[in-house]
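Here's the letter readout for the chains.
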Amino acid sequence: MIGRISRSIRVAATCAVLASLAACGTVAPYPFLAIVGGETMSLSTTDKTLGDHLASAVTGKDCSTFEALEKRPYCQPRTEPADLSVKDPYCYRTLGNVDCYDRTYKYPTPSQRVGG
């Protein structure tokens, strides 16, 4: 969590500096701001730059600048997500929802088990 916060601060500081430099040139800042906005959204949601996404699409691997900064290979083979499905889940009706667990709910509850 702390690493993610410090990354966010670095990204925000970089964006602020780059946005302030946009007014220094004769080129209209709007395309620049769109790119900075796209990079910011990409970094904050996926921890990857737009270039990382492009490299991943071209190579078919999982490419990340943050991996390279941690002294790991820039592109690594893609891994499949773990199968988190449960064969026979224990589902209980809650307030406006149904919550499911991999075992019987350990706390006493007035709700009935749903679907099994």
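Residues numbered from 1 in each chain as written. Predicted model: local features only at pLDDT ≥ 70, side-chain atom pairs only at ≥ 80, totals over all residues. Heavy atoms only, no water.

Engineer: Which residues make up the pairing of strand β3 (residues 90–94), and what values go with them?
Structural biologist: The side chains of a regular strand alternate, first on one face of the sheet and then on the other. Sheet analysis places β3 next to strand β4 (residues 97–101), joined by five bridges and oriented antiparallel. Counterpart to T94 in the pairing with β4 is N97. Between β3 and β4, which pair antiparallel and follow one another directly, the connecting turn spans two residues, one of which, G96, has a positive phi of 70 degrees. (Pairing = 2+ DSSP bridges. Helix = DSSP H or I, 4+ residues; strand = E, 2+ residues; numbered from the N terminus.)

Engineer: Provide a residue-level description of the state of the cysteines, including the pertinent values.
Structural biologist: Overall, the coordinates contain one disulfide when judged by the stated rule. Across a sulfur-sulfur distance of 2.0 Å, C63 and C75 are joined as a disulfide pair. Of note, the bridge from C63 to C75 carries an S-S torsion of about 105 degrees and is right-handed in sense. Here C63 is found in strand β1 (residues 62–63), whereas its partner C75 is found in strand β2 (residues 75–76), with twelve residues between them in sequence. Owing to a relative accessible area of 0%, C63 belongs among the buried residues under this scheme. Residue classification places C75 among the partly exposed positions, given a relative accessible area of 23%. (Disulfide = S-S within 2.5 Å. Buried < 20%, exposed > 50% of the residue type's maximum accessible area, 1.4 Å probe, protein only.)

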